[in-house]
Amino acid sequence: MAQITLDAPAAPTPVRRGGLLTIIMLGQFMAVLDVTVVNVAAPTIRTDLHASGAGLQLVIAGYTIAYAMLLITGARLGDILGHRRAFLGGLAIFTAASLACGLAGTAGLLIAFRFVQGAGSALMVPQVMSLIQRTFTGTARARALSLYSAVLSGGAVVGQVVGGALVSADILGTGWRPVFLVNVPIGIVLLLAGPRVLPGDTGEPGRRLDLPGVIGLSAAVVCFVVPLVLGHEEGWPGWGWLMLAGSVVLFGVFVALQRRATAPLIPGRLLRTPGVLPGAAAIFVCMATFGGFLFSLALHLQGGLSETPLRAGLSFIPGAGGFALASLNWRRVPARWHRLMIPAAFLVAAVGYVGLGAFQSGGAGLEVAMGLTGLGLGGAFSPMLTMALADVPVADAADASGLLVTMSQLGQVVGVATFGTLFLSVAPPTGHALAVTGAALAAVAVFGACCSLLVVKR
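Only a predicted model underlies this, so the values are computations on that prediction, with no experimental measurement involved.

Enquirer: Please give an account of helix α13 (residues 276-304) that cites residues and values.
Expert: Under the 1.5 Å per step criterion, the end-to-end length of α13 is 40 Å for 29 residues, consistent within 8% with the ideal 42 Å. Of the residues one or two after α13, S306 is the one with positive phi, at around 55°.

This is the structure in structure tokens:
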């Protein structure tokens, strides 16, 4: 056995990478799951809690609003508190809020707890990419990011399936409540295992929270997200357009504050890192089409084809399977093709989107179109994420994580709002609406291919 001298530092505890990935990916999975799991439970929640239309929208959207608003702040807190502590703290908040949501007796309490749930996710989720960036290098990092991409798609689809199954089962007469309570035992297990598995860190000395930046960014994101989330159901009222206009002003204020800040939330050196900005733009476009795809097709399956929520959720399996297959296996493609694979994958997704309209009546054709869409999006998102982070220094890992996760989340919100509104505006909601929406999704996917060229040609 090797001898250790008295003045030698203690050897760091080896990181169990498999256990680390299991814990952070399960946390990420729960966070994504809760974006969609409530959708199919909404009618039951409305009846049980006598929620108004606006109240029900906030039950669904409150989580997304808080989540999107605080992601970049959560990333910085990881640098200050330490990524293990921030992940476990966010997980504890998320788990406790899930329990509170499942026990809520009024719509007002449920809305409040959904906001707290979103805040917990915003603290937990940025640490996932930060821990990957700090723990893995080279091919191992690419594999971990590929698994991360697969979890994103799987969580979104599984949320609809799990929500439909739990509500349909009506366990012990609890109705909608298990869609929240299911998080509690998983969260407790992760909280018990996390301190033993996740690498410890005490934060970075000198890192501070830029409070003016937090306030400016939070206000800008709220003014941007709230009207997009609630606009269609409220008939696009004047206050919504005022908030959208105000968000542009507030984003400008945020940029000005960042230029003057001594510890900005988004350091200028990060934005100057090759690949980060075009990568963030391409990720935004990719997830916007993904969000619009999930939302519009769910409406078509349950409205145009009269499928049950559970059957509609199961119908997304080819798309989720294609996304996971591409995300987990793109490294098998010869390295010389990796850069051109991203714009090519966007074009495959565009073909899949066109196929949605062509095979809108269902059957094998629609399943093939969904599979192509998933393959294309997975083949674009995962390698694009890897390349966007390729030149980011470890010191900027948390800030890069917050930026890219925020762009991904905002992309989904914008996608649901824009493509969902387009789908609902083409009456009646039949194959014609899906064909028009599919064509629009395909056009944006082609634009994403063009954006990705800025990443792959650098």
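Enquirer: Go over the confidence of the model for the protein, please, and point to the residues and values.
Expert: Across the protein, pLDDT averages 83, with 93% of residues at or above 70. Here helix α14 (residues 309-314) stands out as the least confident element of the protein, with mean pLDDT 74; helix α4 (residues 83-103) is the most confident, with 94. Note that residues 1-13 has pLDDT below 50 and, in this model, 0 contacts with residues that lie over four places away or in other chains.

Enquirer: Which residues make up the side chain of T95, and what values go with them?
Expert: Along the chain, the position of T95 falls in helix α4. Residue T95 is classed as buried on the basis of its relative accessible area, which comes to 6%. In this structure, T95 is in contact with N183, V184, G187, I188 and L191, ignoring residues within four places of it in sequence.

Enquirer: Any chance you could break down unusual backbone geometry for me, citing the residues and the numbers?
Expert: Even without being glycine, H50 reaches a positive phi, approximately 55°. Looking at the secondary structure, you find H50 in the loop between α2 (42-49) and α3 (53-81). The class of H50 is exposed, set by a relative accessible area of 71%. Phi is positive for W236, which is not a glycine, with a value near 45°. Note on placement: W236 falls in the loop between α10 (211-230) and α11 (238-260). W236 sits in the partly exposed class, given a relative accessible area of 26%.

Enquirer: Now, about the pattern of salt bridges: what can you tell me, with residues and values included?
Expert: One pass over the structure, following the stated rule, counts 4 salt bridges. Note that R114 and D34 form a salt bridge whose closest N and O atoms lie 3.5 Å from each other. Remark: D34 occurs in helix α1 (residues 17-36) and R114 occurs in helix α5 (residues 107-124); sequence separation between them is 80 residues. In this structure, R114 and D34 share a single accessibility class: buried.

Enquirer: Pulling in residues and values, what's your account of the environment of L305?
Expert: Inspection of the secondary structure assignment puts L305 in the loop between α13 and α14. Looking at L305, the relative accessible area reads 27%, which means it is partly exposed. Through-space distance from the C-alpha of L305 to that of F316 is 14 Å; in sequence the pair is 11 residues apart. Not counting residues within four places of it along the chain, the set of residues in contact with L305 comprises H300, Q360, S361 and G362.

Enquirer: Outline the nonpolar core, supporting the account with residue identities and numerical values.
Expert: Core analysis: the largest hydrophobic core is formed by 105 residues, its most contacted members being I24, I132 and F293. No other element matches α13, which puts 12 residues into this core. In this structure I132 touches L21, I24, M25, R141, A144, L145 and Y148, once residues within four positions along its chain are discounted. Counting 20 residues, the second-largest nonpolar core is a separate cluster that includes V38, L56, A104 and L110.

Enquirer: With reference to specific residues and values, describe the side chain of N183.
Expert: With respect to the element layout, N183 can be found in helix α9 (residues 183-197). Of note is the side chain of N183, whose polar atom sits 3.3 Å from the side chain of S98. Not counting residues within four places of it along the chain, the set of residues in contact with N183 comprises M30, L33, D34, F94, T95, S98 and Q117.

Conventions we followed
- Just so you know, the residues in each chain are numbered from 1, in the order the chain's sequence is written.
- Whole-chain, interface and lining totals are the exception, using all residues; otherwise, since this is a predicted model, local features are given only for residues with pLDDT of at least 70 and side-chain atom pairs are given and counted only at 80 or more.
- The basis for the side-chain values is all heavy atoms of the structure; hydrogens and waters are excluded.
- Only runs of H or I of at least four residues qualify as helices and only runs of E of at least two qualify as strands under DSSP, and these elements are numbered from the N terminus.
- For a helix, the expected span equals 1.5 Å multiplied by the residue count minus one.
- Scored from 0 to 100, pLDDT records how confident the predictor is in each individual residue.
- It only takes one pair of heavy atoms within 4.5 Å for two residues to be counted as in contact.
- When a residue's accessible area, from a 1.4 Å probe over protein chains only, is under 20% of the maximum for its type it is buried; when over 50% it is exposed; and in between it is partly exposed.
- By salt bridge we mean one thing: a side-chain nitrogen of Lys or Arg within 4 Å of a carboxyl oxygen of Asp or Glu.
- Nonpolar cores are built from buried Ala, Val, Leu, Ile, Met, Phe, Trp, Tyr and Cys residues. Side-chain atoms within 4.5 Å join them into one set.
- Any pair of nitrogen or oxygen atoms within 3.5 Å is treated as a polar contact; in protein, a donor-acceptor pairing is required on top of that, and neighbouring residues in sequence qualify only through side-chain atoms on both sides.

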